[in-house]
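Listed below, chain by chain, are the residues.
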Amino acid sequence: MCVGVFSALGLCALFGIPFSPLHLQVLPFLALGMGVNDMFVYAATFRFDPRKSVGDMAGSCLRECGPSVSMAALANTVAFFIGAAMPLPNAAWFSLAAAVVVVTNYFILMLGFTAMLCVDAKNVKQKTSISSNEPLSWLPWQLPYTKYDPTQPNKVDLETGA
């Protein structure tokens, strides 16, 4: 998300959109919220299948979640461009910068995060994943669940994670 915000602010400077402190205080959190939402959608629809190639897995993921993520980014971009028509100069500049952030985030997530998912799937397929041999095991909601028993000492088998 940092790359998206920095590149969007750089594009804003290139396009000549005036910079205000509001850009630096609000846009990173706006980009983070929208970007993490899209990451959850990508990660939830990515399905690891050892019989498929990594490209086929990425293609089916993008085929399933790509339209919804694209429509959300398009709707947000259009809304911010409409907001740029406001008569208040600072609000208009902020809306233009936010539209640039949305577009930049979209392309970074579509290209960068999908590539990260593909690298993870390739590592799992080759059994070279650093965390385990389960796909997306580095995501917090994919961590293995172990039942806690307070009467037993806390012993964890590093091979199985149980």
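This write-up is about the structure you can find in this document. (Residues numbered from 1 in each chain as written. Predicted model: local features only at pLDDT ≥ 70, side-chain atom pairs only at ≥ 80, totals over all residues. Heavy atoms only, no water.)

## Overview of the packing of helix α3 (residues 54-83) against helix α4 (residues 89-125)
Between α3 and α4, whose axes approach to 9 Å, the crossing angle comes to 170°. Relative to α4, α3 is oriented roughly antiparallel. Residue classes in the contact of α3 with α4 are distributed as 19 nonpolar, 6 polar and 2 charged. (Axes fitted to C-alpha atoms, helices over the stretch in contact; angles between N-to-C directions. Helix = DSSP H or I, 4+ residues; strand = E, 2+ residues; numbered from the N terminus. Parallel < 35°, antiparallel > 145°, perpendicular 65-115°, else oblique. Nonpolar A, V, L, I, M, F, W, Y, C, P; charged D, E, K, R; others polar.)

## What to know about the nonpolar core
Counting residues in each nonpolar core, the largest one holds 32 residues, and the members touching the most others are Leu27, Tyr42 and Phe46. Of all elements in the fold, only α1 (2-15), α2 (21-45), α3 and α4 reach the threshold of two or more residues within this core. When residues in this core are grouped by element, the largest group, 14 residues, is from α4. Contacts of Tyr42, omitting those with residues within four sequence positions, involve Cys61, Leu62, Cys65, Val69, Leu109, Met110, Phe113, Thr114 and Leu117. (Core = buried A, V, L, I, M, F, W, Y, C linked by side-chain atoms within 4.5 Å. Buried < 20%, exposed > 50% of the residue type's maximum accessible area, 1.4 Å probe, protein only. Contact = heavy atoms within 4.5 Å.)

## Some details on the pattern of salt bridges
Counted by the stated rule, this structure contains 2 salt bridges. With a shortest N-O distance of 3.4 Å, Glu64 and Arg47 are connected by a salt bridge. Of this pair, Glu64 sits in helix α3 while Arg47 sits in the loop between α2 and α3; the two residues are 17 residues apart in sequence, bridging distant segments of the chain. For Arg47, a relative accessible area of 48% corresponds to the partly exposed category. A salt bridge links Arg51 to Asp49, with the shortest nitrogen-to-oxygen separation between them at 3.2 Å. (Salt bridge = Lys/Arg side-chain N within 4 Å of Asp/Glu carboxyl O.)

## Description of the packing of α1 against α4
Interaxial distance between α1 and α4 falls to 8 Å at its minimum, and their mutual angle equals 135°. Judged on the interaxial angle alone, α4 and α1 are oblique. Seen from above, α1 lies across α4 with right-handed handedness. Along its contact with α1, which presents Val3, Gly4, Ser7, Ala8, Leu11 and Cys12, the element α4 presents Ala97, Val100, Val101, Thr104, Asn105 and Ile108. Of the residues contributing to the contact of α1 with α4, the split by class is 8 nonpolar, 4 polar and no charged. (Left-handed = near helix turned anticlockwise from the far one by under 90°.)

Structural measurements only, silent on function.
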